[in-house]
Amino acid sequence: MVRVRFAPSPTGFLHIGSARTALFNWMYARAQGGQYILRIEDTDKVRSKQEYLDEILDSLKWLGLTWDEFYKQSDRFDIYRQYSEKLLAEGKAFKDGEAVVLKVPQKTIKIYDLIRGEITIDTKELKDQVLMKSDGSPTYSFACVVDDALMEISCVIRGEDHISNTPKQILIYEALGFKAPKFAHLPLILDPEGGRMSKRAGATAVTEYRTQGFLPQAIVNYLMLLGWSPGNNQEKVAMASALKTFSIKKINKAGAAFSFEKLQWLNSQYIKEMETSQLADLLKPMAAARYPQANFQPVEFEHMVQLYKGRMNTLADFLEWTDYIFSGQVCVDPELRAKHLSQDMRKEFDLLAERLAALGDFNAKTTEEAFRAVVAQLGIEAGTLVHPVRVALTGKAVGPGLFDTMAVLGKETAVHRLKETFK
Ligand code: GLU
């Protein structure tokens, strides 16, 4: 029976690297029809915070990594104490003040790691190990071993930074008379420069990605590629198909470089394939929070979403690009103004404003006809007018088609903005 666990400490927000550890545990359990356990390692009373715990649970649920069993180490102090007393009674541990310390025997220890193969360690390098601290709380390794044994974890899948803890933990298993599980230490996630993933390389907390408008499907898809590959250079992978081929043994032991661009690309793919109405449901509350004054009409809102869907890398892009609609005003940055609006085009703008104002139906088709008639009458290239008009109406140099944009702005606003530009 496959039983795996993800064991975060609630001493910070869920890190993107920890989310990958959770994902690989979860995928392994789901692929094998096993159990995935969430164990909160909150023995450090000073650094553990409820706020972090809430966020970790929330982020895991948002990613869809739901668990079959749940434990909190702070509920289990009696169990750790009982096992430390057993070791004391058997003479395998000794007391140092109030602390309980394991006697480390001299020997070599072999660890079989599913990703790295055999690792041999000489315990000469190890000092005697504190199991219970003088304040009555267990050390990380002791609580971890007692729990992994009692919870019948079949394989410990965790970050490579825990390899150095493994020999001590093996000694604790042996002292307690428990059989050690298998181990699989995942490669580090590196930033694009090859360093350890840090804030410099982009966000490190899952919740930051969430606020930036990444979809959970895209994050999960991206994370599964960090160290594992479904083959055939496949990048966009559906979970159901990934589960058919996922195997711990196929995880690479070299560090996996994090690419923000690839994550963005995947996110844009998931956005594109989403139903517009579903996407609108996600965007609506974000837009309402950002533009509290705006009045969102469902049909128009969906139409906006439709227009931008193919261009967005993140949901935040939509909010940023549509400010000229939802904020009720247009804001042109000085650089764009210098590039596209430095030449006085009052005459052209006024004529266009006049023609647009005269339209009955105001849609992408009628505005385009009016626009074409204006450039023909003035004897100028459409391109000479398209860019200045777009910048004047939206404050942006790029966006969906100009006439679609005019249509969503509506006649009154479009005409008003054109008239105001060169005042
Ligand atoms: N609480 C440890 C951590 O967050 C878990 C290590 C382990 O999986 O054994 O790093």
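Whatever comes next refers back to the structure up there.
Sequence order sets the numbering: in each chain, residues are counted from 1 along the sequence as written. For a predicted model such as this one, the threshold for reporting local features is a pLDDT of at least 70, and the threshold for listing and counting side-chain atom pairs is 80 or more; totals across whole chains, interfaces and linings nevertheless cover every residue. The basis for the side-chain values is all heavy atoms of the structure; hydrogens and waters are excluded.

**Considering the side chain of Arg390**
Item 1. With respect to the helices, strands and loops of the structure, Arg390 is situated in helix α17 (residues 382-394).
Item 2. Here, two residues are considered to be in contact whenever any of their heavy atoms come within 4.5 Å of each other. Not counting residues within four places of it along the chain, the set of residues in contact with Arg390 comprises Gly395, Lys396, Ala397, Val398, Gly399, Pro400, Gly401, Leu402 and Thr405. Per the convention used, a helix needs a DSSP run of H or I reaching at least four residues, while a strand needs a run of E reaching at least two, with both numbered from the N terminus.

**Some points on the packing of aromatic side chains**
Item 1. Centre distance within 6.5 Å is the pairing criterion for rings of Phe, Tyr and Trp, where only the six-membered ring of Trp is used; planes under 30 degrees apart are then read as stacked, over 60 as edge-to-face, and the remainder as tilted. Inspection of every chain in the model, using the stated rule, returns 21 aromatic pairs.
Item 2. Judged by centre distance (5.5 Å) and plane angle (65 degrees), the ring pair of Tyr209 and Phe214 falls under edge-to-face.
Item 3. According to the relative accessible area criterion, Phe214 is buried, its value standing at 2%.
Item 4. One aromatic cluster is present, built from ring pairs that chain together Tyr291, Phe296, Phe301, Tyr308, Phe318, Trp321 and Phe326.
Item 5. The positively charged end of Lys236 is found above the aromatic ring belonging to Tyr270, 4.6 Å away from the centroid.
Item 6. In this structure, Lys284 packs its charged tip against the face of Phe301, placed 5.2 Å from the ring centre. Note on exposure labels: buried denotes an accessible area under 20% of the residue type's maximum, exposed denotes more than 50%, and partly exposed covers the range between, all computed with a 1.4 Å probe on protein chains only. Either the NZ atom of lysine or the CZ atom of arginine qualifies as a charge over a ring when it sits within 6 Å of the ring centre and within 35 degrees of the ring normal.

**Quick look at the sheet that holds strand β2 (residues 35-40)**
Item 1. One open sheet accounts for three strands, arranged β1-β2-β3; its pairing is parallel. Among the strands making up the open sheet, the edge pair consists of β1 (3-6) and β3 (69-72). If you compare each strand with its neighbour and ignore which way they point, the axes differ by 25 degrees on average.
Item 2. In terms of strand pairing, β1 meets β2 through four bridges, oriented parallel. DSSP calls a pair of strands paired once it identifies at least 2 bridges connecting them. Inter-axis angles, ranging from 0 to 180 degrees, are taken between N-to-C directions of lines fitted to C-alpha atoms, where helices are fitted over the stretch in contact.

**Considerations on the pattern of salt bridges**
Item 1. Salt bridges are counted wherever a side-chain nitrogen of Lys or Arg sits within 4 Å of a carboxyl oxygen of Asp or Glu. Tallied over the entire structure, the rule returns 23 salt bridges.
Item 2. For Asp68, the salt bridge identified is with Arg30, shortest N-O distance 3.2 Å. Of this pair, Asp68 sits in the loop between α2 (50-63) and β3 while Arg30 is found in helix α1 (residues 16-32), placing the two residues 38 residues apart along the sequence.
Item 3. The partly exposed category is assigned to Arg30, whose relative accessible area is 28%.
Item 4. As a salt-bridge pair, Glu420 and Lys423 come within 3.4 Å of each other at their nearest N and O atoms.
Item 5. Using a relative accessible area of 75% as the deciding quantity, one classes Lys423 as exposed.
Item 6. One continuous salt-bridge network, built from bridges that share partners, spans Arg5, Arg39, Glu41, Arg76, Asp147 and Asp148.

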